Each structure stands twice: as C-alpha cells, then as structure tokens.
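Summary of the model geometry
Residues per chain, in single letters:
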Number of protein chains: 2
Amino acid sequence: MGEHRPERPTRRTRAKASTPAADEPEDGTGRADGSGVSTHRTGGARPRQTGGTGPQQAGGTGPQPAGGAAGAHVTLQDVARRAEVSLATASRVLNGTTQVRADLKERVLAAASELAYAPNAHAQALARASSQSIGLICHDVSDPYFAAIARGVTRAAAEHGLLVMLASTFRDPAREVDYIAMLRAQRARAILLVGSGFEDRAWERSMGAELDPYVRAGGRVAVLSRHRSLRVDTVQPENREGAAALARTLLGLGHRDFAVLTGPRTLTTVVDRLGGFRDALAEAGVSLSDDQVVEESFTRDGGYAAATELIRRGLRATCVFALTDVMAIGALSAFRYHGVDVPGQVSLAGFDDIPIVRDLVPPLTTVALPLEEMGERVMNLALRDPARRSRVERIPGEVVLRATTAAPRRPT
Amino acid sequence: MGEHRPERPTRRTRAKASTPAADEPEDGTGRADGSGVSTHRTGGARPRQTGGTGPQQAGGTGPQPAGGAAGAHVTLQDVARRAEVSLATASRVLNGTTQVRADLKERVLAAASELAYAPNAHAQALARASSQSIGLICHDVSDPYFAAIARGVTRAAAEHGLLVMLASTFRDPAREVDYIAMLRAQRARAILLVGSGFEDRAWERSMGAELDPYVRAGGRVAVLSRHRSLRVDTVQPENREGAAALARTLLGLGHRDFAVLTGPRTLTTVVDRLGGFRDALAEAGVSLSDDQVVEESFTRDGGYAAATELIRRGLRATCVFALTDVMAIGALSAFRYHGVDVPGQVSLAGFDDIPIVRDLVPPLTTVALPLEEMGERVMNLALRDPARRSRVERIPGEVVLRATTAAPRRPT
DNA sequence: CTGAAAGCGCTTACAG
DNA sequence: CTGAAAGCGCTTACAG
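Reading the values: the criteria
Residues numbered from 1 in each chain as written. Chains lettered and ligands numbered in written order. Predicted model: local features only at pLDDT ≥ 70, side-chain atom pairs only at ≥ 80, totals over all residues. Heavy atoms only, no water. Near = heavy atom within 4 Å. Polar contact = N/O pair within 3.5 Å; in protein donor to acceptor, adjacent residues only side chain to side chain. Helix = DSSP H or I, 4+ residues; strand = E, 2+ residues; numbered from the N terminus. Contact = heavy atoms within 4.5 Å. Expected span 1.5 Å × (residues − 1). Bend = angle between axes of the 7 residues up to and from the residue. Buried < 20%, exposed > 50% of the residue type's maximum accessible area, 1.4 Å probe, protein only. Salt bridge = Lys/Arg side-chain N within 4 Å of Asp/Glu carboxyl O.

In the annotation of an unreviewed UniProt entry, chain A is listed under the name LacI family DNA-binding transcriptional regulator and assigned to Actinoallomurus spadix.

Below is the structure:
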C-alpha cells in the first residue's frame, strides 16, 4: 500500500507488463483510518502531461494516496495471479458454477477480497450474451404518478438483482425513440414503456424500427398504459371503464352539467378516459358540450391553466373531471384562487389516486389505481418466459369518493 | 424478410456460419404494415426443445413472423460484410472518427440501417474502457424530494448522452453498499449518492471499501447532502444555516415554544437541521425541551405519527418544525384530523419546498431548496475534469413564509 | 484512406 | 476438479 501503481500501459502491452500481485495493497477493506473513502487528489498535484492521448498520471511528490493512475481496474487475471490459479478457476469460484477444491477456492476468495475485485459487468455481458439491467422509459420521473410506478419497478427489479436504467422523455416522442435505441445498445434484458403512447403514425413507425429488431433478438418489452400498436406484454389500467364508472357515480350524485380538463388528445390515455366518461354520460342522456372540455398539458400547471380557462369561459358545469390527479391538484388550486368553492360550487374528481391527494383539502375524489403494484407487474411480466404468448393484465380502477365531490347545489 | 434466421449457432462456430448478408431483411424501417412492432410469437407455437443448454428455437409451422431465433443480434461484422468493407472501416464510419471514402461510407450507413444495427454498448465499453452510464443512488424515488432531484439528474445526464441507472435503497445501508458494488461492476462513469448518509462506523467502512477502489480506478463520485466521511465533490444544502434562519424567522413572529418533528438521528441531515434550529433558538435564549422533539421515520406517515404523538404528549408548542416537507404534509393532516387549527392553534413549517406544498391548504411555510438544480449540479460536478481537486457547492436555503405560520395566539 | 490483427475482461466448452 | 484457449463484439494503433 502506498506504492505507486504504474501508469496504465498502452493496451498492447498491458497484460504482460502489469504490476505483479505483490505490489497490490494488502487489504482493500481493513484500512487503518477506517474513515471510508480517503483516496483524494492531493491539493497542488497537477497531473503531468504525458503527451499524446494516453491516460494521465497523477503526479506530485508529497505524500501520495494509495493508487496513482486512473483507469487501473483490478481484473480477474490479477485475482487469478495472486491466488496462483488459472483464470478459469478464478472465474469458477467467483461464479460458483463448478466445484473447486477447497484450498484453491479459499485463495481465490481471499485474493478477490484483498484486491477489492469487482467483475467487469460489460465483459460478463459480452461473454454471457446477457446483461443485468432493464430499461424504464416514462414521461417524467418527478410526476408522482410515474414516481410511484417507478418505485414498484425498481423494487421488483431489485428482487431479481437487476439494475434499472431510467429515462424520462418529458413527453417528447423523438426522445423516446432515442432512449429505446440506447437501451437496445445496452442490451437491456427488458425495456419497460410506461405511460401513454402518442397517436402518431410516424412515431409508431420509428418505434417499431427500434423495438422490432430488439424483440427479434430476444429482448423483452412490456408496456403500461399503452395498448395501440404494440402487441407485447401489457399492464392496462381500465381507463375507459374507470372513467365510465366515475361518470355514473357522479351522475348518481345528481350532476347533469359536466366539464372535463384534459391533456393532449394524442395520448391514448386521454382518448380512453375522455371517451369512457363521455360515453357513460351519453348513456344517461347527458351530453358534454365541446366548450366545456379544456385541453392543456398533463401537468399540475396544465390543470391550473385549464381550470382558469374554464372559469373564463363561464363555469356552467356543476362537476369537473380532471383526467389525472396531477391536473386535479392544479385545478383545485385555481378554483381556490378564483374563489370557487369545492365542492360547494363545483365538484371535482381526478384519476389515479396518487398518494398526495389524500392530504389535499378537501381530499380528492378519484379513480384509484394500484400504482406501485402496477410497476411491479410490468417488471414481472417482462421477466416471464419469453416463449409464452403475450399477455394483457387489466387493472380495474376503483372509484373513491372523497370530499371534493358532493351533490350539486340545485340539480338541473 | 420473412425468411427464417437460422438458430443461433454455438459460440465457437458463429462467426463463420452466420447468415450471409443476402438473407437479411431488406429494410428495417420500411415495413409494409407500418404498424410498429409486429414481431410476436404466434399463438400455439411452443418452442421446440432443442436439448442441452443451447438457445431455443421458436418452432411452429404456420405463418411465421419475421425473425425466428432469439438472441441473434446484428453485429458490426454483419454490417461490414453487407457493405463489403472491413470491420475497421465500418467502425470508423459509424463512429465518425476518421475520414472514409464517400461511397464506402454510404454503403456502411445503408447496411447499418437496413439491418437495423445497434452497436453493442458492452463491447464498446470494453474496447473503449469507458461506459455511457452513471449511477444514481437515493433513498426512494417516489419521495417528491428525490423525485425532483432525480429529474434534474436525468435531465443533465441526457444532455451528455448518458443513461442513468437508478437505485432506491429504501433507507437500508446494506442495500446502498450492494448498489455501489453493482454500479462499480457496471463501470458507471460516475456514482451519485443523493440523500443523507448514515452515522454508522461499520457502514462507512463498507462504503469506503467499495468507493475507494472505484475512485482509484478512475471512477467519479459526487454526493448530495452528505458531508461526513466522504471527501468527494459535493452539493451541500445549507441545512444548518437554513434551519437557523427559519428559527430566527419564527422567533421574529413571536414564537417561544417550539416542537420539532424529526427523522432518525442517524441521518446527517437530521443532525444538521435539528442542530441549526436548536442553536438558533438557544442564541435567543429559547430552549427546546426533549419531550417536544418527536422522532419518526422520514416519510409522510412518519410526520403524521409524530404529530399525533406530539398531541398525545400535550401540545405545548405554538410552533412546530417538521424537518422535511414530506413529514410536514403528514403532520398537517394529523393536525387537521385532530381538530388542531393551523396556523390558528399551531404554526407549522417544513424544509425543502417540494413542489406540492404550494397546493396544500394552507400552503406550507418552508425553507426552499432548488431541488432540480441541485440534481443538475451533482451530475455536472461528477463530470468535471477528475484532475481538479474536489469541490463543495453550498446551496443556501431560503425561508419562504406561507400560510401555515402566523404569530402565536398569545405570545409568551 | 483502408485492412489485418491485437486487445479489452470475462465465460465456458473441450481436453486432460 | 483444473487449465489452455476460443470466442463474445467492439476499437484502434500499426503498417500499408
């Protein structure tokens, strides 16, 4: 310990010239100071320019922290050498694939620990032709809806020893395609597409161009909330039925005049929830006039803006349905800001039942979806035997009446 | 197209025996049905058992979707062959590293597109000795605090073309160590540790055992909200100062009797915020009695439970400080449930300014932190020139007075 | 500008 | 049970 590790030699000569095991630190864990990370570039030590493009060497003449050059990873070869066994044997004990003589096993384990060996996952992925990670693509992790689902996904992934690569598209279709390409390059074991897709031919085609070869090569894809055009394992919340059930409940409360705060109609979820709601109203002979449907972005601010616009147009409805809880949160604040009492003057309902809506004042009426569980399900669906035919798991929504809804003041 | 691709041969013979270029589909994108993903296992086609451990071949005699065997990724070699150039040339045009004759370049590009080639990121990482991903470790993605930070991180990572591998520890120290090991194996370009660390010797040692060799080998680590024991690039919210400023503001409102709702004292953030608050009170000659400090988990439910416990003990304070907004949300609901008016009977303040607190009723007084920006900063810090000495970016918190705080009824 | 070949760090038949 | 060696799919000096 405390020895300089030589500058990483060029690739050609590396294997032969690398530091003999004897120069390695004696113990990767039992360091005297016990303080955790102590390796730190010393103050004034500017890296020496080595010329060319080779790796730089940390210079300096003062007290030198252990390890000098950057990029010098311990390899299996190093471990094998120190344990005085073959590469194959070292690999075997570390993977527990075959029985290995007890003493050799012990030596390998000791060497690995002493050198603080960490296998190179890329090399393993290459040799095994399979990786330990999955990809999760959603619109925005910071949206409580996706955050809850992501929680379920990461939890399920952890149980399988998988790492999740997270991508937020910020609702940009092009970015989604890019991410799929990256995940494909990573040879992710599975790609999870979470959230509404876009109703767009060109986009569907580019998606297919990426996804198609991916599944053909053995990749698994599973989606959540996205049924059109993708014949893959699916977790499908019953948006249409949920919205319809909500409509009937609201009708039952006595409402006849409705307004809807919606997101972009290019999103399948919008189409389904709006359609289900409208159809259920129609069955009761109630129609939804177009100027009572306000379209904004699928965000809290979108909900705020939509509610404000609704007020501007003249709030004729006694009940407002925001297509997502997140929009409903914005709407509730807008109503409050404009002095519109909820549920005194208007009732308000959302969809999703994200955790926070219980803490709103008043607590929000909504259609509850088991978000975290849905996340676990997509993950598990993607990990099923690929030979089995694709499956759609339908998740029913449950109408939860809370305090933002009440009977209308004077039922029409 | 529509041709069977042969079962993937065993590794030994693969290179020579693989399908000649002529058998490849003509175009990866211009598929007739235009429907996106169409590759899908046909209904009744059970995979034939091929015996041994080799890859399975999708059997079936009916109409067969394009692509048969799983695991058959298109390689650079396939592209080179189809373009009738060398491997090296194909690599060069795809990477744009060197000038390549226009016609060859064109052929390579065409071949790559026709075969829907996706480079194997693992092979690239191995050959280049660098990967395209970073690791993000936090306590819980679904917590709005971490969700906001994660948003900043993923956004900044995207700008650098990096993928982020997300891990939630659910506040389990052991899990954190495990994730670092995995990220190290992935040769993540950087590891971001977000959120309070644990005040635990043994844990610090295991962390060091993983992190140490990682940075020694050139890995970058940056942390957010975690100063003890880690001498690495740091984004440090001024918890102590923020809490102190909040205390002074509250004092200025006339409060003299305080209570604090806190998380586990093993978290550094707890120590700092509680300490800063208490010290500022002390400077004003106000002391915080131990039975007015309630410890619970750092969650919404923890806040609810802590507030409830406070009420049970006899709510003597006129002002309650919840160490995080998330706890404050729970506390607010508990107060409401128990008929304690906020701010009429007690004032309540939080810390962090997560987006939702603006929509609470009443809106929460808190110490604002630029969460998303903090996420961007850790990411960028981790990407700096590794030769430069480590840096600590201090993020001041700003006291934001909203409606949960007021002057006490009868100032003592 | 282009190609043959070595090397990245593993795993795993194959042959003792 | 163990080791030598091929192969995974790339990149990149090196030598035309």
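Having seen the structure, we can now continue with the description.
**Some remarks on the protein's contact with DNA strand D**
Of all residues adjacent to DNA strand D, which total 30 residues, the nearest are Thr-89, Arg-92 and Leu-104 of chain A together with Leu-76 and Ser-91 of chain B. For DNA strand D, the fraction of atoms within 4 Å of the protein that belong to sugar or phosphate moieties is 74%. With respect to DNA strand D, the backbone of Leu-76 of chain B contributes an N or O atom lying 2.6 Å from a phosphate oxygen. Within the residue set of the surface near DNA strand D, elements represented by two or more residues are helix H3 (87-95) and helix H5 (121-128) of chain A together with helix H1 (11-17), helix H3 (87-95) and helix H5 (121-128) of chain B.

**Notes on the environment of Asp-291 of chain B**
Residue and element names in this part refer to chain B. Inspection of the secondary structure assignment puts Asp-291 in the loop between helix H10 (268-283) and strand S7 (293-295). A sequence separation of 31 residues divides Asp-291 from Val-260, and the C-alpha atoms of the two residues are 9.6 Å apart. When residues no more than four places from it in sequence are discounted, the contact partners of Asp-291 are Arg-313 and Arg-316. In this structure the side chain of Asp-291 is engaged in a polar contact, spanning 2.8 Å, whose partner is the side chain of Ser-289.

**Focus on the side chain of Glu-204 of chain B**
Tracing the sequence through the fold places Glu-204 of chain B in helix H8 (residues 201-216). At 2.6 Å, the side chain of Glu-204 of chain B forms a polar contact with the side chain of Arg-201 of chain B.

**Some remarks on H8 of chain B**
All names here are of chain B. Between the first and last C-alpha of H8 there are 22 Å, a value that for 16 residues agrees with the 22 Å anticipated at 1.5 Å per step. The largest bend in H8 is about 25°, located at Gly-208. Of all 16 residues in H8, twelve are buried; the element is thus mostly enclosed. What H8 keeps buried is the set Trp-203, Glu-204, Met-207, Gly-208, Ala-209, Glu-210, Leu-211, Asp-212, Pro-213, Tyr-214, Val-215 and Arg-216. Where the residues of H8 are buried, they touch helix H7 (173-185), strand S3 (190-194) and strand S4 (220-224). For H8, the N-terminal cap is Asp-200; the gap from its side-chain oxygen to the backbone nitrogen of Ala-202 is 2.8 Å. Backbone geometry just downstream of H8 places Gly-218 in the positive-phi region, at approximately 105°.

**Concerning the environment of Leu-332 of chain A**
All names here are of chain A. One can find Leu-332 in helix H12 (residues 325-337). Along the chain, Leu-332 and Arg-300 lie 32 residues apart, while their C-alpha atoms are 9.8 Å from each other. What Leu-332 contacts, discounting residues up to four positions off in sequence, is Val-342, Leu-348, Leu-360, Val-361, Pro-362 and Thr-404.

**Considering the pattern of salt bridges**
Scanning the entire structure with this criterion turns up 56 salt bridges over all chains. With a shortest N-O distance of 2.9 Å, Glu-373 of chain A and Arg-377 of chain A are connected by a salt bridge. In this pair, Glu-373 of chain A and Arg-377 of chain A are both assigned in helix H13 (residues 371-382), four residues apart and thus about one turn of the helix distant. Overall, the relative accessible area of 34% leaves Glu-373 of chain A in the partly exposed class. Note that Arg-226 of chain B and Glu-176 of chain B form a salt bridge whose closest N and O atoms lie 2.5 Å from each other. Residue Arg-226 of chain B is located in the loop between S4 and strand S5 (233-237), and its partner Glu-176 of chain B is located in helix H7; the two are separated by 50 residues in the primary sequence. Its relative accessible area of 1% is what places Glu-176 of chain B among the buried residues.

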